[in-house]
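# Geometric and topological summary
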Amino acid sequence: MRLPRPIRRKNRREVVVDLLLWMLLCAFVAAMGPDPFLDPAAFGTVTGPRLALASAAVLVGRRQPLAALALLLPLGPWRFSEGFATVDLSWLLPRTGVKILPLVPTSPFIMGYAYMTGRREAGPWRPVAAFGLITAVGVAVVLGAGGDLALWVSMVTGLAGTYLVPYLLGLVRRLVIRQRGQARLSAEAQARLRERARIARDMHDSLGHDLALIAVRAAGLELAPGLDPAQARAAGELREAAGDATERLRQIIGLLREDADAAPLAPVNEDVTELVRRARDSGMAIDLDVAEPAPALAGAVVQEGLTNAAKHAPGAAVRVSVGPGRVSVRNGPARGRPVARPGGMGLAGLAERARLAGGTLTAGAVDGGYELVVELP
C-alpha cells in the first residue's frame, strides 16, 4: 500500500529519526499526565488522546510542520505555573511571582515545529491563520482562569517564545537560504556570460586572423602574372568573400557577446614565430625582432596586429618587435584595397587583456601606416 505523501519518508534515516522523535515526545507527553500505575483510568482518558495527537504530529510533521503545530495545540504552554523566568511586577500587579515564557515538557517540540514552519511555509496566510487560532486558544485559557493581568503576561510571553520567535527564526533562515540560492544562480549566469564572451573573443581573434590571411593570399593571387581574366576575377571574388566573411563573423560575435561582462581572456598560446611564419606563407612581408623572454600576451598582440595589417593594409611591409616589456606591430602604407571594414572588436578585447595584466595599449596612424603597441610591467 502506498502511503500518503505527508507520511512517506525518503530513506531509512528519516524513519529512524522520526521513530526516536516519536518515542521521546511520547515520553514527555506521558510525563505531563496522571501516573499510569496510580490512576490507570485517568491515564487512559487524559494521556491516551494526547499520545494519539503526538503520534499524528510526528507522522505529518516532517512534510507539514504547520499541521503538527495544530495537532500539538492542546499540549501547548497553557500551564502558567512553570516558566523560563519569574519576575517581580509588584509595581504593576498585586502578584510578585509572574512567570515569563511558561514552559511545559512539550515546549521544545512545539518550538521545533514552529521553526520548521518558518523554514517551509512559503505563503503567509496559513501561518497567520494558525497563529490566530493559537492566540484564540491562549485568550480562552486566560479568560477561563479569571483573566488576571499576570496570566495575560504569561500567556503573551508564552505565545511569543514558543511559537512566534521560532517561526521568525525559521523564516529568516529560509530567506537567507533563498538569497544565497539566488546569488549562486546569478553568479552561475554571470560565469556563463563571461565564458560566452571569452569564446566569442577567441573566435574573433583566431578566425578573423585566418580569414585575413586567406584574403591576403587571394589578393596576391589576383595580381599574379599569367592568370587569365576569369582566374583573376575568381581570385578577386575570393578576396571579397573573405572580407564579407570577416564582417559577418564580427556581427555574429557581437551577438554572442551581447550583455556579457568583460572577462579575463586566455592568452593566445600560439608562438610568435609560428604566427609570423604563417603570415609570411600567405604573402605578407614581415620583419621579426624577438628578445627573450617574451611576455605572455605577445602572441595575442602579434596576432591582432598581423590581422589588422592583413585586413586594412594589404601589401604593406610589417615590422614585429617583441621584448620583455613591450610588443609592437607596425605596418607601412597599404598597397591594395582593404579586405574588411573598420570597426572590429579585436582591439577592445586586447586592451582589456593588457589592462588586466597591468599594461597599456596604444594604437594609431604612424607615417601613413599603423602601429599597435602594448607595454607591460
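Our subject is the structure that appears above.
Per-chain numbering applies: the sequence of each chain, read as written, is numbered from 1 onward. The predicted origin of the model limits local features to residues at a pLDDT of at least 70 and limits the giving and counting of side-chain atom pairs to 80 or more, whereas totals for whole chains, interfaces and linings rest on all residues. Side-chain figures throughout are based on the complete set of non-hydrogen atoms in the structure, without hydrogens or water.

## Considering the pairing of strand β7 (residues 369-375)
Each residue's exposure class comes from its accessible area (1.4 Å probe, protein chains only) as a fraction of the maximum for that residue type: buried when under 20%, exposed when over 50%, partly exposed otherwise. Numbered from the N terminus, helices here are DSSP runs of H or I no shorter than four residues, and strands are runs of E no shorter than two. The element β7 is largely enclosed, with a buried count of five among its seven residues. In terms of strand pairing, strand β5 (residues 326-331) meets β7 through six bridges, oriented antiparallel. Looking at the pairing, V327 lines up with V374 of β7. Note on pairing: two strands pair once DSSP finds at least 2 bridges between them. In terms of strand pairing, strand β6 (residues 360-366) meets β7 through seven bridges, oriented antiparallel. Residue pairing for β7: V366 is matched across the bridge by G369. Here β6 folds back onto β7, and the loop between the two strands holds two residues, one of which, D367, carries a positive phi near 50°.

## A few points about the packing of helix α1 (residues 12-32) against helix α2 (residues 40-61)
Interaxial angle, 0 to 180 degrees, is taken between N-to-C directions of lines fitted to C-alpha atoms, where a helix line uses only the stretch in contact. One way to put it is that α1 packs onto α2 with a least axis distance of 9 Å and a crossing angle of 155°. Between α1 and α2, the interaxial angle falls into the category roughly antiparallel. α2 is crossed by α1, and the crossing has right-handed handedness. Side by side, α1 and α2 meet where D18, L21, W22, L25, C26, V29, A30 and M32 of the first sit next to F43, T47, R50, L51, A54, S55 and V58 of the second. Residues are sorted three ways: Asp, Glu, Lys and Arg are charged, Ala, Val, Leu, Ile, Met, Phe, Trp, Tyr, Cys and Pro are nonpolar, and all the rest, Gly among them, are polar. When its residues are assigned to classes, the contact of α1 with α2 shows 11 nonpolar, two polar and two charged. Angle categories: roughly parallel below 35 degrees, roughly antiparallel above 145, roughly perpendicular from 65 to 115, and oblique for all the rest. In this scheme the crossing of two helices becomes right-handed for a clockwise turn of the near helix relative to the far one and left-handed for an anticlockwise turn of less than a right angle. By the convention used here, residues are in contact when the closest approach between their heavy atoms is within 4.5 Å.

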